[in-house]
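Listed here are the chains, written in short residue letters.
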Amino acid sequence: MTSEAGGGAELKPDRRRALVAAAYHRIAADGFEGLRTRDIAADVGVNIATLHYYFPTKEALIRSVIGLAMERFVKTMPGEGSPVDQLRGHLRALAQLIKEDHELWAVLGELVLRAPRDAELEHIFRQTDGYWHRSLRDLISRCVEQGAIEPGLNADDLSALMIVAIKGLSLPTVAGFEPDLTDQIFRQFEQLLGLSA
């Protein structure tokens, strides 16, 4: 029997993904401070040496957890249809994601709160926020150019406002998650954009 941690073994994508998923679930359940690599290895049924073979550092594992979370956001951005249909689809998918995927928000909340004390995490979040802002801004701009939404709207400012509101909805609060607030905010987005008709 050969160990994956041994010399010439190949990385297995399914094993790697299982380790990332286990770390993701651990952060959601126990918070960042409860993240222990030995527990993650045990959750997947491998030894700690195997985990380190796939992820030499805890930071490398956390980067992959962020990547898994970001995959869920990428899926909310439709690639087909008119710009206004893509914008509507993105907003509806985001609202659904916020209301249904509490584990995602627990993970992101933990990581976002840690980012100011972790330069690498902060850099990753700045990059992902920048990408989201540019994508949303460009989509709104295309809608304005096609006359599908109010021409007087500033796409850059509106994108920033929407992202801040969505982040505010998603971060953990003392009151806990409020799905009605999500509906209110997304209705306001649609009214502001002229999409409610």
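Residues numbered from 1 in each chain as written. Predicted model: local features only at pLDDT ≥ 70, side-chain atom pairs only at ≥ 80, totals over all residues. Heavy atoms only, no water.

**A word on the overall build of the chain**
The number of helices and strands found in the chain is nine helices and zero strands. Starting at the N terminus and ending at the C terminus, the chain contains elements arranged as α-α-α-α-α-α-α-α-α. When its C-alpha atoms are laid out on the principal axes, the chain stretches across 65 × 40 × 30 Å. Expressed as a percentage of the 197 residues in the chain, the buried residues total 37%. (Helix = DSSP H or I, 4+ residues; strand = E, 2+ residues; numbered from the N terminus. Buried < 20%, exposed > 50% of the residue type's maximum accessible area, 1.4 Å probe, protein only.)

**Let's talk about the environment of A42**
On the secondary structure map, A42 appears in helix α2 (residues 37–44). We classify A42 as exposed; its relative accessible area is 54%.

**Remarks on the packing of aromatic side chains**
Geometry of an aromatic ring pair is reported as the spacing of the ring centres plus the angle between the planes. Applying the stated criterion across every chain, the model contains four aromatic pairs. Judged by centre distance (5.5 Å) and plane angle (75°), the rings of F73 and W105 are edge-to-face. Here W105 lies in helix α6 (residues 102–114) and F73 lies in helix α4 (residues 58–74), a separation of 32 residues in the sequence. In this structure, F73 and W105 share a single accessibility class: buried. Summarising the aromatic geometry, the rings of F186 and F189 are spaced 5.1 Å apart at their centres and angled 75° between planes, so their arrangement reads as edge-to-face. On the criterion of helical spacing, the pair formed by F186 and F189 is a turn pair, its members being three residues apart in helix α9 (residues 179–193). For the pair shown, F186 and F189 are each scored as buried. An aromatic cluster is defined as three or more aromatic residues linked by ring pairs; in this entry it consists of F73, W105 and W132. (Phe/Tyr/Trp six-rings, centres within 6.5 Å; stacked < 30°, edge-to-face > 60°.)

**Some remarks on the confidence of the model for the chain**
In this model, the chain carries a mean pLDDT of 86, and residues with pLDDT of at least 70 account for 90%. The lowest-confidence element of the chain is α6, averaging 86 in pLDDT; the highest-confidence one is α2, averaging 96. Note that residues 1–9 has pLDDT below 50 and, in this model, twelve contacts with residues that lie over four places away or in other chains. (pLDDT = per-residue confidence, 0-100. Contact = heavy atoms within 4.5 Å.)

**Remarks on the pattern of salt bridges**
With the rule as written, the count across this model stands at 13 salt bridges. Notably, a salt bridge pairs R63 with E120, separated by 2.2 Å at the nearest N-O pair. Here E120 lies in helix α7 (residues 119–145) and R63 lies in helix α4, a separation of 57 residues in the sequence. One network of salt bridges, with partners in common, ties together R26, D30, D39 and D43. (Salt bridge = Lys/Arg side-chain N within 4 Å of Asp/Glu carboxyl O.)

**Section: the packing of helix α1 (residues 13–30) against α6**
Closest axis-to-axis distance for the α1/α6 pair is 8 Å, and the angle between their directions is 80°. Classified by the interaxial angle, the pair formed by α1 and α6 is roughly perpendicular. Of the residues in α6, those touching α1 at Y24, H25, I27 and A28 are E103, L104, A106, V107, E110 and L111. Looking at side-chain class alone, the contact of α1 with α6 contains seven nonpolar, one polar and two charged residues. (Axes fitted to C-alpha atoms, helices over the stretch in contact; angles between N-to-C directions. Parallel < 35°, antiparallel > 145°, perpendicular 65-115°, else oblique. Nonpolar A, V, L, I, M, F, W, Y, C, P; charged D, E, K, R; others polar.)

**Focus: the nonpolar core**
One finds L87, L111, I140, F186 and L193 to be the most contacted residues of the largest nonpolar core, which totals 55 residues. Among the elements that make up this core, the one with the highest residue count is α4 (nine residues). Not counting residues up to four positions away in its chain, the partners in contact with L87 are L136, L139, I140, C143, L193 and L195. (Core = buried A, V, L, I, M, F, W, Y, C linked by side-chain atoms within 4.5 Å.)

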